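Each chain, letter by letter, is given below.
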Amino acid sequence: MKGFATLLVFSVAAGAVGYDYVVIGGGVAGSVVATRLAATHSVLLLNIAGPPPTRYNGPVMTSDELIVKSNLSATPGMLTRIHQPGYNPVPQFSTSDTGSSPARYLGGSSIVGLSLFLYDMDKDWAPGWDWNIMQNYMLRSDIQPTHHPAYLHPLTKDFLNAVPEAKPTPLSQRPDGTKISAYAAYIVNKNPQRLTILENVRADRLIIEGGMCRGVYVRDLAKGGHRTIMAKNEVIVSAGYLFTPRLLFLSGIGDAKDLANADIEVVQDLPLVGKNLTAPRFTPISWHTKTPTLSQMMGSPISKAQHPAVPEAFQSAVAEATVPLRKGSIAQFMPLYYSPSSAPLQYSLQGEPWPLETNAFTVLVTMTTEAKGEIKFDRDPDVSPTITHAPLTASDEQRGDEAIRAAEQLGSRLPSEGRVKHTQDWSAVYDGRGTCRMGSDPRTSVVDTMLRVHGVRNLRIVDGSVLPSDTPYLAMPEVLMLAERAVDLIVDVATYAVKDLPLATPLLSAVSGERETFPNMTMAGERERSSSTAMAISPWMVAVFAAIGVFFLLTGSYVVAFVNYRKTHAEADVYVQA
């Protein structure tokens, strides 16, 4: 009981002085960054939802059905509204379990994805971000791809034999065929002792004073109201390509004209916030077949009653084989019919009413495009942002036609009962990059190559929104590499970069190291002084904490009851690992 009272007093003191780092968003990047930083620093990780149900530690097909089991409600402001030519928008990408998209669980897109692990080894995002460096961070990652999946459908094996250039799709999959999530690989398995997780909160505004980010203003979704959370060193935003730029916009960081139209005070004019959205576009090509596909292997009610379940097939990653076409486009073989009627890519078994009627295999063509998208925001954080994808350009259409013809030739190498007829439209995958892209010019980027937001100290972005790449692959592997590298940059020594000097600064002035010539740099000494100041608790605060400790010592029965309550309701509250 005495030890618990001490823990409570310590917790009050820690709340008073703040954490070394506050990480906003517990998706793939946030899980990595928070876990790595917590090895040596106190870290508070904020997330809209808590840990995923343990059922998500299963194969792809079962987790797909968990995602769509309840798909009718969402946290205010956390829906995703998608507009693109030729498609009906998805009604609601959300689940009642989390009150928002299942990607809002700790672990993010690694929870909901098909575990596909493809990436471009020709990457060269910026100086210091080329493949020669990034491959080391891929090897450091605690999620590694396998090129030998636990399951391949018989049709996929036939396709691999008929198309020598095709290879099994690399997967983030355990040997038993279950998906690996960032939550499991980092937060659970590493169990960092200095990490605190606060769930059921939505970040509504960054606290920026004098050009420096000092914390974040969050809404308590469980109890109502708002609270202020401060950071001693840095605030790191890892809310994803959609909600990271939304948080910047609500904080007065974005295109000055857009902010003025929304009646938000301009803190930093960065025109590219929410712009330059790159998302792969896809189109399916399908053939009827007599061979039972996944649509006939799931058991009732998904498959027709006469088709028994084949549990081994639950391990399928759906896009089981991949063929590179020309640069910027790929073809993926799926032993399943994919309906092209909705956008973005629907979940694996949702393309038509159950029981599934169409028995067909698909070659899915995915390509990069010149056409970009953008995100529009409202000043009210309860209003969800809207994604708008631009129509394909003439060049995109030409490249797409060439890719479709190549895919038709590949699919026709297998015996079939003829093509499935449908309009050949292109949809955007629910995945994105570039909405807070990395670069050196504030007019054409949002963060610098150290991932610091232009013009705002102590604020970094670490997630897919900073990626300047445009590939036909899902972003998760790139985000893993990015996050691992970001940790090294965050804890590195203070640097004196040329970009931080005013224009026409003479060399000797730079050598003199005058403090005012480095307005965007947080000095190591400043961090130490800030930390020391924050830790300096006045005598009256000590007296208050002592009184609190005595109070809890004298009311032990209430403390014990509280402890038992905490144990029973741990998943609904703050997770403190100490």
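Above this note sits the structure.
Residues numbered from 1 in each chain as written. Predicted model: local features only at pLDDT ≥ 70, side-chain atom pairs only at ≥ 80, totals over all residues. Heavy atoms only, no water.

Student: Explain unusual backbone geometry to me, and be specific about the residues and the numbers.
Tutor: Cis geometry marks the peptide bond from S300 to P301, where omega comes out at 5°. Of note, P301 is situated in the loop between β12 (281-288) and β13 (321-324). Following W354, the chain continues into P355 via a peptide bond in cis, with omega recorded as -5°. Its location among the elements puts P355 in the loop between β15 (342-343) and β16 (360-367). With a phi close to 70°, V318 is a non-glycine residue in the positive phi region. Following the sequence through the fold, V318 ends up in the loop between β12 and β13. Its relative accessible area of 0% is what places V318 among the buried residues. (Helix = DSSP H or I, 4+ residues; strand = E, 2+ residues; numbered from the N terminus. Buried < 20%, exposed > 50% of the residue type's maximum accessible area, 1.4 Å probe, protein only.)

Student: Can you tell me about the side chain of T322, naming the residues and giving the values?
Tutor: Tracing the backbone shows T322 in strand β13. Apart from the residues lying within four places of it in its own chain, the contact partners of T322 are L118, E165, A166, K167, T169, I330, A331 and Q332. (Contact = heavy atoms within 4.5 Å.)

Student: With reference to specific residues and values, describe the pattern of salt bridges.
Tutor: The tally for this structure, following the rule as stated, stands at 24 salt bridges. The closest approach of N and O atoms between D396 and R399, which form a salt bridge, is 3.8 Å. Highlighted residues: D396 and R399, both in helix α10 (residues 394-411), separated by 3 residues, approximately one helical turn. You'll find D396 and R399 in the same group, each marked buried. (Salt bridge = Lys/Arg side-chain N within 4 Å of Asp/Glu carboxyl O.)

Student: Can you explain helix α7 (residues 182-190)? Please cite residues and give values.
Tutor: Inspection of α7 places A182, Y183, A184, A185, Y186 and I187 among the buried residues, and these make up the whole buried set. On its buried face, α7 sits against α2 (28-37), β2 (43-46), α4 (109-112), β6 (195-198) and α11 (476-490). Phi turns positive one or two residues past the end of α7, at N191, with a value near 45°.

Student: Let's hear about the packing of α2 against α11: which residues, and what values?
Tutor: A pair of packed helices is characterised by two quantities: the angle between their axes and the separation of those axes. At a closest axis distance of 9 Å, the pairing of α2 and α11 adopts a crossing angle of 30°. Overall, the two elements α2 and α11 adopt an arrangement that is roughly parallel. Crossing hand, α2 versus α11: right-handed. For the pair formed by α2 and α11, the contact residues are V28, A29, V32, V33, R36 and L37 on the first element and M476, V479, L480, A483, E484, V487 and I490 on the second. Of the residues assigned to the contact of α2 with α11, the class counts are 11 nonpolar, no polar and 2 charged. (Axes fitted to C-alpha atoms, helices over the stretch in contact; angles between N-to-C directions. Parallel < 35°, antiparallel > 145°, perpendicular 65-115°, else oblique. Left-handed = near helix turned anticlockwise from the far one by under 90°. Nonpolar A, V, L, I, M, F, W, Y, C, P; charged D, E, K, R; others polar.)

Student: Lay out the sheet that holds β13 with the relevant residues and their values.
Tutor: Spatially, β5-β13-β14-β16-β12-β19 is the arrangement adopted by the 6 strands of the open sheet, whose pairing is antiparallel. With partners counted over all chains shown, the strands left at the sheet margins are β5 (167-168) and β19 (427-428), one partner each. Taken strand by strand, helix α6 (residues 154-162) contacts β5, β13, β14 (329-334) and β16, and its axis lies near 30° from that of β13. Across the sheet, α10 is in contact with β12, β13, β14 and β16; its angle to β16 comes to roughly 150°. (Pairing = 2+ DSSP bridges.)

Student: Summarise the packing of aromatic side chains; cite the residues concerned and give the values.
Tutor: This structure, assessed with the given rule, holds 8 aromatic pairs. With centroids separated by 6.1 Å and ring planes inclined at 85°, the aromatic side chains of F117 and Y119 adopt a geometry described as edge-to-face. Assessed through its relative accessible area of 1%, F117 is described here as buried. Residue Y119 is classed as partly exposed on the basis of its relative accessible area of 21%. Centroid distance F333 to F361: 5.6 Å. Interplanar angle 35°. Geometry classified as tilted. Of this pair, F333 sits in strand β14 while F361 sits in strand β16, placing them 28 residues apart in sequence. The ring of Y217 has R205 lying over it, and the distance from NZ or CZ to the ring centre is 4.9 Å. (Phe/Tyr/Trp six-rings, centres within 6.5 Å; stacked < 30°, edge-to-face > 60°. Lys NZ or Arg CZ within 6 Å of the ring centre and 35° of its normal.)

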